[in-house]
Amino acid sequence: KAGVTQTPRYLIKTRGQQVTLSCSPISGHRSVSWYQQTPGQGLQFLFEYFSETQRNKGNFPGRFSGRQFSNSRSEMNVSTLELGDSALYLCASSSGQGAAGAYGYTFGSGTRLTVV
Amino acid sequence: QKEVEQNSGPLSVPEGAIASLNCTYSDRGSQSFFWYRQYSGKSPELIMSIYSNGDKEDGRFTAQLNKASQYVSLLIRDSQPSDSATYLCAVGGADTGRRALTFGSGTRLQVQP
């Protein structure tokens, strides 16, 4: 069974640019959650999508957005990049049944974003 | 107060010893509890889940949950150098479909050969 696939693995962007990250969940999983991980803040929840609908949202500015397609693949977009957006962005896949985190997540390998 | 608290460590134990990792959480209604292991430069990997008070054992790992004390722990028996990693405690909320997992900041474990 294929795992969670995130692309690209690494990105270098300039301040002010925008970026789109992609995530393909485990086959059959309908929930995709996105997390930002930094050394100072740890894992911070961005948002969760289930069946193409945003079901949960963390405390991030509107520059961070996402969407989910009918095949459960998800993208997140960050506009007007800031230096502080440099982080590891992790996508997490789950069945989505019941409470969002009821059965744990399977994480992808992440996208390492560096903003210069 | 953070929602999920862990001692950042490092926790250093000799090879073959028992490593004890602890986590407290603030939401008394939390229903699901997880331990993830994260090696440096890698993504978190789920190693244990627990939902009811008491102990749950899986190989060398034992998760312990005490909802009254809002406390979760992970014991690693016969610790190996390959267990050296950061261990993240994660807690799931009670409100169906409305809460994502909340993670602690992690405890770094070092197993000395």
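Residues numbered from 1 in each chain as written. Chains lettered and ligands numbered in written order. Predicted model: local features only at pLDDT ≥ 70, side-chain atom pairs only at ≥ 80, totals over all residues. Heavy atoms only, no water.

Caption draft 1: Spotlight on the pattern of salt bridges. Under the defined criterion, the tally for this structure stands at 8 salt bridges over all chains. Linking B:Arg37 and B:Glu45 is a salt bridge whose minimum nitrogen-to-oxygen distance equals 3.0 Å. One salt bridge in this structure joins B:Arg60 and B:Asp83, with 2.9 Å as the shortest N-O distance. A residue pair is termed long-range when its members are at least 10 positions apart, and B:Arg60 in the loop between β6 (54-58) and β7 (61-66) and B:Asp83 in the loop between β8 (71-76) and β9 (85-92) qualify at 23 residues. The partly exposed category is assigned to B:Arg60, whose relative accessible area is 27%. Because the salt bridges share partners, they merge into one network encompassing A:Arg63, A:Glu82 and A:Asp85. (Salt bridge = Lys/Arg side-chain N within 4 Å of Asp/Glu carboxyl O. Helix = DSSP H or I, 4+ residues; strand = E, 2+ residues; numbered from the N terminus. Buried < 20%, exposed > 50% of the residue type's maximum accessible area, 1.4 Å probe, protein only.)

Caption draft 2: Summary view of the side chain of A:Asn56. All names here are of chain A. For asparagine 56, the location among the structural elements is in strand β6 (residues 53-57). On the basis of relative accessible area, asparagine 56 is assigned to the buried category, the value being 6%. A distance of 2.8 Å separates the side chain of asparagine 56 from the side chain of glutamate 48, its partner in a polar contact. (Polar contact = N/O pair within 3.5 Å; in protein donor to acceptor, adjacent residues only side chain to side chain.)

Caption draft 3: Region of the structure containing the sheet that holds strand β3 (residues 19-24) of chain A. Residues and elements named next belong to chain A. Taken in spatial order, the 4 strands of this open sheet run β1-β3-β8-β7, and their pairing is antiparallel. Edge strands, defined here as strands with exactly one partner in the open sheet, are β1 (5-7) and β7 (64-68). Ignoring strand direction, the axes of neighbouring strands in this sheet form an average angle of 15 degrees. Note that β1 and β3 share 3 bridges and pair antiparallel. Across the sheet, residue glutamine 6 finds its bridge partner in β3, namely cysteine 23. (Pairing = 2+ DSSP bridges. Axes fitted to C-alpha atoms, helices over the stretch in contact; angles between N-to-C directions.)

Spatial relationships are all this shows, so hold off on functional conclusions.
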